[in-house]
Amino acid sequence: MLHRWGQNVNYHPTSIALCLAEVSHPDGRRWISCRPGFFLPVRVLSRLFRRLFLEELQAAYQRAD
């Protein structure tokens, strides 16, 4: 649990979950890696993030005028 304060100084707790893509084998002597592309399609997500970011940036710029 991460404890933060919001912009309006209200208490704003945040929980963060991590998903491991690699683990130690139960015998403790070797490492088990996941297959490539296991978790998230990085290229697709990066394009989506870039598009949404630019849309919000343009909207903020238009609101400032």
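A few points on the structure. On a predicted model such as this, the values are computed, not experimentally measured, just so you know.

Conventions and cut-offs
Residues numbered from 1 in each chain as written. Predicted model: local features only at pLDDT ≥ 70, side-chain atom pairs only at ≥ 80, totals over all residues. Heavy atoms only, no water. Helix = DSSP H or I, 4+ residues; strand = E, 2+ residues; numbered from the N terminus. Contact = heavy atoms within 4.5 Å. Areas by Shrake-Rupley, 256 points an atom, 1.4 Å probe, with all protein chains shown as cover. Phe/Tyr/Trp six-rings, centres within 6.5 Å; stacked < 30°, edge-to-face > 60°. Salt bridge = Lys/Arg side-chain N within 4 Å of Asp/Glu carboxyl O. Buried < 20%, exposed > 50% of the residue type's maximum accessible area, 1.4 Å probe, protein only. Patch = residues over 30% accessible without salt bridge, like charges linked within 9 Å, V, L, I, M, F, W, Y side chains within 5 Å.

Within the protein chain, the regular secondary structure consists of one helix and four strands. Helices and strands in the protein chain line up, N terminus first, as β-β-β-β-α. In the protein chain, the proportion of contacts linking residues at least 24 apart, taken out of those at least 6 apart, comes to 0%. Summed over its atoms, the accessible surface of the protein chain is roughly 6,600 Å², and 60% of this surface lies on carbon and sulfur atoms.

Attention now goes to the packing of aromatic side chains. One pass over the structure, following the stated rule, counts one aromatic pair. Ring geometry for Phe 49 versus Phe 53: centroids 6.1 Å apart, planes at 20°, classification stacked. One end of the pair is Phe 49 and the other is Phe 53, both in helix H1 (residues 42–64) and four residues apart, which spans about a single turn.

Here the focus is the pattern of salt bridges. In this structure the tally under the stated criterion is three salt bridges. Across the pair Asp 27 and Arg 29 runs a salt bridge, and its minimum N-O distance is 3.8 Å. Note that Glu 55 and Arg 51 form a salt bridge whose closest N and O atoms lie 2.9 Å from each other. Residue Glu 55 and its partner Arg 51 are located together in helix H1, separated by four residues, close to a single helical turn. Among the residues examined, Glu 55 registers a relative accessible area of 40% and is labelled partly exposed. Exposure remark for Arg 51: the relative accessible area of 43% places this residue in the partly exposed category. One connected set of salt bridges, linked through shared partners, spans Asp 27, Arg 29 and Arg 30.

Right, let's talk about a nonpolar patch on the surface for a bit. Residues Phe 39, Leu 40, Leu 45, Leu 48 and Leu 52 make up a contiguous nonpolar surface patch of roughly 430 Å² in combined accessible area. Relative to the assigned elements, Leu 40 resides in the loop between strand S4 (31–33) and H1.

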